[in-house]
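Examining the three-dimensional arrangement
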Amino acid sequence: MTSMNAQIKTACVIGDPIDHSLSPLLHNYWIKALGLQAHYDRLQINIDRFNKDVTNCFNDHNFMGMNITLPHKQAALALAPYASTEAKKAGAANLLVRRDGKLWAHNTDIEGFTGPLMKTRGSKGWEDSAIVIIGAGGAARAALIGARKLNPHKIILLNRTDEKAKMLADSFGEPVMAHPWADRQKVLRGTTLLVNASAAGMAGKPALDLRCEGLAPDALVYDLIYTPLETPLLAEARAAGYGTLNGLDMLIGQARPSFEALFGVPPPADDGVKAVLIKALEAHP
Ligand code: NAP
């Protein structure tokens, strides 16, 4: 990490790899906008050195905490003696902070997922919704927890590897239910919210093998991917007249509570950072 003046509060994002992370750009934009004496860095940590390197970071008194990305989210939860209910439910943490000398694990991906949804469609009136979530990894788990808070009528989970979807759905119970991947097109009928929480459609990966057909007329298609900003799924949804959301809003949504927990003040309420992130993504897709 960059060597810092002793008065400057520091925080970082850790992962492996970490070069691609937009979190330093995002948090440093807010730090500058608020005129804080702070800096947010990136740190590559190998899983074999995870506990030692993370503990070393927290030995620095100016170190406020860290965001966690792949592949360390489960290790972060395991390391912290204290964890929020959300992090425990998710089985993963994307934020570690020290409070009164105690190391706490949090998960703000859930709020990051629901925030843009509520901003777009409101927080009420989801009772008649049929939600389909694709994937069975960490993002799908955060999306499931977030979607369940909306109290929808049903949540269908689909994953390329059926057993993983079944195990995850069974661990949640009603109203979450897994369906076979082979039936994916059929179960989309009447869906009001389609979420892609799989890696399919990311830059360098094959597109999701699914057509946006048969959704409810006012359906919203939410792809958690932000590289590219418009996946083939979102392009098809937009062309068909459905509402769309990409993963950039979720990235900003999880960063907002992280920033406040790290630096003790909320980030600016405006969306100015979004244009900065889009510019960076367009320059280095
Ligand atoms: P993960 O734990 O590695 O899970 C990947 C999931 O994608 C698995 O369910 C996998 O299915 C599925 N998958 C991979 N390739 C596929 C394909 N060609 N067709 C269908 N399914 C495929 O990853 P994750 O952490 O959950 O992340 C998933 C996505 O969410 C990533 O694209 C990531 O960028 C995005 N994400 C976004 C944010 C944000 O802030 N916007 C935050 C977290 C994650 P199998 O089980 O069959 O392998």
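Above this text sits the structure in question.
Take the overall build of the protein chain next. A tally of helices and strands in the protein chain yields eleven helices and twelve strands. Over its C-alpha trace the protein chain gives a radius of gyration of 19 Å, about what one expects of a compact globule, namely 19 Å for 285 residues. Structurally, the protein chain occupies a C-alpha span of about 60 × 35 × 35 Å along its principal axes. When burial is assessed residue by residue, the protein chain has 47% of its 285 residues classed as buried. Long-range pairs, those at least 24 residues apart, make up 67% of the contacts in the protein chain with a sequence separation of at least 6. When the accessible surface of the protein chain is split by element, carbon and sulfur atoms take 53% of a total near 13,700 Å². Within the protein chain, the 28 negative side-chain charges are centred at a point lying 3 Å from the centre of the 30 positive side-chain charges.

Any pair of aromatic rings gets described here by the distance separating the centres and the angle formed by the planes. The tally for this structure, following the rule as stated, stands at five aromatic pairs. Considering the side-chain rings of Trp30 and Phe259, the 5.6 Å spacing of their centres and the 80° angle between planes classify their relative orientation as edge-to-face. One end of the pair, Trp30, is in helix 1 (residues 23-34); the other, Phe259, is in helix 10 (residues 247-263), and 229 residues separate them in sequence. Grouped by ring-pair contacts, the aromatic residues Trp30, Phe259 and Phe263 constitute a single cluster.

What follows concerns the side chain of Ser129. Relative to the elements of secondary structure, Ser129 occurs in the loop between helix 5 (109-121) and strand 7 (130-134). Ser129 gets classed as buried once you look at its relative accessible area, which sits at 8%. If we skip the residues at most four places from it in the chain, Ser129 touches Pro152, His153, Lys154 and Thr192.

All told, the structure shown has zero disulfides when counted by the stated rule. Here Cys57 stays free of any disulfide, with the sulfur of Cys12 as its closest cysteine sulfur at 5.1 Å. A residue is classified by how much of its surface remains accessible, and Cys57, at 10% relative accessible area, is buried.

So, about the sheet that holds strand 2 (residues 38-44). Spatial ordering of the open sheet is given by 2-1-3-5-6-4, a layout of six strands whose pairing is mixed. Only two strands of the sheet have a single neighbouring strand rather than two, namely strand 2 and strand 4 (82-83). Running over the sheet, helix 1 touches strand 1 (9-15), strand 2 and strand 3 (63-68) and is turned about 170° from strand 2.

Next up on the list: the site of the ligand. The local shell around the ligand holds 21 residues, among which Ala139, Asn159, Arg160, Thr161 and Lys164 are the closest. Ala199 places a polar main-chain atom, nitrogen or oxygen, 3.0 Å from an oxygen atom of the ligand. In the environment of the ligand, a nitrogen atom lies 2.9 Å from a nitrogen or oxygen atom belonging to the backbone of Leu224. If the ligand stood free it would expose 920 Å²; the protein chains cover 79% of that surface. Sorting the residues of the shell around the ligand by element identifies helix 6 (138-149) and helix 10 as the ones contributing at least two each. In terms of residue class, the shell around the ligand is made up of twelve nonpolar, seven polar and two charged.

Conventions and cut-offs
Residues numbered from 1 in each chain as written. Predicted model: local features only at pLDDT ≥ 70, side-chain atom pairs only at ≥ 80, totals over all residues. Heavy atoms only, no water. Helix = DSSP H or I, 4+ residues; strand = E, 2+ residues; numbered from the N terminus. Rg over C-alpha atoms; globule rule 2.2 N^0.38 Å. Buried < 20%, exposed > 50% of the residue type's maximum accessible area, 1.4 Å probe, protein only. Contact = heavy atoms within 4.5 Å. Areas by Shrake-Rupley, 256 points an atom, 1.4 Å probe, with all protein chains shown as cover. Lys, Arg positive; Asp, Glu negative; His and termini not counted. Charge placed at Lys NZ, Arg CZ, Asp CG, Glu CD. Phe/Tyr/Trp six-rings, centres within 6.5 Å; stacked < 30°, edge-to-face > 60°. Disulfide = S-S within 2.5 Å. Pairing = 2+ DSSP bridges. Axes fitted to C-alpha atoms, helices over the stretch in contact; angles between N-to-C directions. Near = heavy atom within 4 Å. Polar contact = N/O pair within 3.5 Å; in protein donor to acceptor, adjacent residues only side chain to side chain. Nonpolar A, V, L, I, M, F, W, Y, C, P; charged D, E, K, R; others polar.

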